[in-house]
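Examination of the molecular architecture
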Amino acid sequence: MSTTERNRHVKLAAEIRRLDQAYYQLGKPEVTDFEYDRLLRELTELETQHPEFITPESPTQRVGEKPIEQFPPARHSVPMLSLENTYSPEEVRSFIVRVQKLVADEILDWVVEPKVDGVAVSLTYERGRFIRGATRGDGVTGDEITSNLRTIRGLPLLLNPTHDAEFPETAEIRGEVYLPRHGFERLNRERESAGEERFANARNATVGSLKQLDPREAARRPLAIVLYGVGEYRGTGLPVTQEELLARLKSWGLPTPERTWKANSIDEVLEAIAELDRLRAQFGYDTDGAVVKLNRLHLRERIGVTAKAPRWAMAYKYAPEQAETRLKSITIQVGRTGALTPVAELEPVFLAGSTVARATLHNEEDLRRKDLRLGDTVVIEKAGEVIPAVVRVVTRRRTGAEEPYVFPSKCPECSSVAVREVIASGEGASWRCPNPDCPAQVRGRLEHWCSRGAMDIEGGGEVMVAQLVRAGLARDPADLYRLKLAEVAALERQGEKSASNFLAGIEASRNRELHRLIFGLGILHVGISVAKILARNYPDLNAIASATAPELTLVDGIGETIAKSLENWFADPVHRGLISRLRSCGLQFQSAQYRPRDAQAVGLLTGLTVVLTGTLPTLSREAATLLVESHGGKVSSGVSKKTHLLLAGEEAGSKLTKAQELRIPVLNEGEFLERLSRPDGFQSFRQSL
Ligand code: IVH
């Protein structure tokens, strides 16, 4: 038995590794996320039963359990140098001529690679196992950030063996950690909806993510990695060219640059640089230049290094697209958490493919640092970011008529005196409207509740919400569930049809999955991924509401900040009132995603076998199965004498007939859920055991 399970474990782990590689190295997902999660769950379950199977390289072991105190220093035995930069093709030309002179007798060839805009790291593999990773730091000593690097799923913990060579005893591989654009956008959306400050750009977000002391937090950041170099190398088989090195890294399963160029002359190098510039907008991540490297590694040694950078490589940087325009005014947006965010209103200008009329200004400190005045001519820039940024003021264009901007001391919406709040991420301090009844906050909270990621209520957009609030019909989410058709239809610009669509959307939202409801509450630091973790670890909302902060931190993925925030939120009498009104409106508080830590849950359905048939009104088959299992029950596919109850939906067929023949009790979804909410709900079924 144990050998078959051992084999299954080895096979599963290898399969997950292969899928990681297909996804992260080759960019070709082979299975759905659902299927992937299923395999990972099976592996976890096997390891729960057989802890002796667990190795540090198991795909389940990516995320450490505990925050670390601080990052230990890591000395680089081969210094991590930086690169000489230039914006001029002429300087690339003279760089190549210079190198050629140093090795006049050689015919040189070059490799051109994208310069990924991220954070340089070094990964140490010993005989194919990832054992340590560090940042560049000052080039000689960096921070050891192994536990954060392990969370990057594109980073193999075990290298693929190659046919022709043994693993080197030690290979220190170098590359760049970065946030892909979609990951960066997702992270910022999540932060915004969790009431946190947006990151200004993907690079800052990467730096911030790698600095997390809690690896569980780092694991939530969708970081990626690309490898392009080698430092210390002990063992045989060191490649002789950059091309070979990249091929070797790739065969080991490490992600390498998605496109590189081999060039034999100055002109070919410049052509490659130009082609990369044309292509890079389509890459899934930000690049800020091209790196030109001498191909043959042993020649690099002859050419040598300066104090800071190698003489055999150079970075050509692309100028970011910029434009000049006039700052007409600054408006203040009031977010759902009361955050006051300044927005630059600009004279519209065409930049990198679109017309730009607004740019974010982050916070008051950002304004002050840039010394922005109304009427100023400013330089705006679209680097990788979708939202343009104001880079600086063109002071020589000042006429004297510009006016300093005074950040309002009151909320522009409700006139409450703003309060100052220090932001943990070190990105400065921001102002907040402290009035929870501020109409802008009320609207923001309702819009958030109705939004796609939350309760997904059709028709509950900005306009509808504004009208409801103005008319005094809704102040919090619970009010939505008591709206009458006539009230909504009577609103300005709303007809009978849109009103009834909206009400149907509200109705349908009563049974949304629990994580959507939790997310919809808009608790600080509780984004969609935290909400999912909560729904997986607690059977229902009441259990979450009554958990203390220390209890909450026992859950994988919930750190102290989040736990405190949850505890505070649920302790607030206003929020308690909201929850109890939502409950009495009949909202779904049970978690169908609940997965107790132990393989077999104990609960109301322990010892009972349930058969599902037909289409249930709200629960999918998967959700119903998880729900049964999470309460300790078993789901079986066919009706027999051993079946304790049939959960039947619409168009139930032969299973229903058979259950009736065998006198097996049949429940519909409503009855089933109702019983689950009572401690003695399944008592009678048990007596017939
Ligand atoms: S080679 C000794 N290749 O750019 C040469 N660097 O400005 C070390 N970078 O610190 C670097 N993409 O963080 C190299 N394909 C690439 C790169 C790259 C990004 C970064 C790296 C380096 C910085 C220098």
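The following refers to the structure shown. (Residues numbered from 1 in each chain as written. Predicted model: local features only at pLDDT ≥ 70, side-chain atom pairs only at ≥ 80, totals over all residues. Heavy atoms only, no water.)

1. Here we look at the site of the ligand
Note the threshold: Near is defined per residue: the residue qualifies when any heavy atom it owns lies within 4 Å of the molecule or strand. Counted as a polar contact is a pair of N or O atoms within 3.5 Å, where, for protein atoms, one must be capable of donating a hydrogen and the other of accepting one, and residues adjacent in sequence contribute only when both atoms are in side chains. A 1.4 Å probe and the Shrake-Rupley method give the accessible areas. Residues count as covered only by the protein chains that appear here. Starting at the N terminus, helices and strands are each numbered in turn, a helix being any DSSP run of H or I of at least four residues and a strand any DSSP run of E of at least two. Note that Gly is not counted as nonpolar here; it falls among the polar residues with everything else outside the nonpolar set of Ala, Val, Leu, Ile, Met, Phe, Trp, Tyr, Cys and Pro and the charged set of Asp, Glu, Lys and Arg.
The ligand sits among Leu81, Leu83, Glu113, Pro114, Lys115, Val116, Ala120, Glu176, Tyr228, Val291, Lys293 and Pro310. Between the ligand and Val116 there is a distance of 3.1 Å, counted from a nitrogen atom to a backbone nitrogen or oxygen. Burial of the ligand by the surrounding chains reaches 86%, relative to a free accessible area of 520 Å². Examining the composition of the shell around the ligand, we find that four residues originate from one element, strand 3 (residues 110-116), more than from any other. Grouping the constituent residues of the shell around the ligand by class yields eight nonpolar, no polar and four charged.

2. Brief notes about the sheet that holds strand 10 (residues 287-294)
Paired through backbone hydrogen bonds, the strands of a sheet run either parallel or antiparallel to each other. For clarity, the threshold we go by: Note on pairing: DSSP must find at least two bridges between two strands before they are called paired.
What the five strands build is an open sheet, ordered 2-11-10-3-9; its pairing is mixed. The two strands at the open ends of the sheet, each matched to only one other strand, are strand 2 (85-86) and strand 9 (261-263). Direction of pairing for strand 10 relative to strand 11 (residues 313-317): antiparallel, over a ladder of five bridges. Each bridged residue has a counterpart across the sheet, and for Ala290 the counterpart in strand 11 is Tyr316.

3. Some words on the pairing of strand 23 (residues 645-648)
This is how the line gets drawn: Relative accessibility under 20% of the residue-type maximum defines a buried residue, over 50% an exposed one, and the middle range a partly exposed one, all with a 1.4 Å probe and only protein chains included. Throughout, right-handed denotes a crossover for which the path from the first strand over the helix to the second runs clockwise when the strands point away from the viewer.
Of the two faces of strand 23, both are covered, the one formed by Leu645 and Leu647 as well as the one formed by Leu646 and Ala648. With four bridges connecting them, strand 21 (residues 609-613) and strand 23 associate as parallel partners. Each residue of the ladder has a partner; that of Val611, found in strand 23, is Leu646. Looking at chain direction, strand 23 and strand 24 (residues 666-667) are connected through two bridges and run parallel. Bridge assignment links Leu647 to a residue of strand 24, and that residue is Leu667. Crossover connection from strand 23 via helix 24 (residues 654-661) to parallel strand 24: handedness right-handed.

4. Here's the deal with the packing of helix 12 (residues 439-450) against helix 13 (residues 462-470)
The condition is simple: Axes, fitted as lines to C-alpha atoms, cover a helix only where it is in contact. Angles between the N-to-C directions of the axes lie from 0 to 180 degrees. Any angle from 65 to 115 degrees is called roughly perpendicular, while one under 35 is roughly parallel, one over 145 is roughly antiparallel, and all others are oblique. Crossings are classed by handedness, with left-handed meaning an anticlockwise turn of the near helix from the far one by less than a right angle and right-handed meaning a clockwise turn. Any pair of residues with heavy atoms lying within 4.5 Å of one another is described as a contacting pair.
Where helix 12 contacts helix 13, the axes come no closer than 9 Å and their chain directions differ by 130°. The pairing of helix 12 with helix 13 is recorded here as oblique in orientation. In this structure, the crossing between helix 12 and helix 13 has a hand that is right-handed. Contact with helix 12, carried on its side by Val442, Arg443, Leu446 and Glu447, involves Glu462, Val465, Ala466 and Val469 of helix 13 and no other residues of that element.

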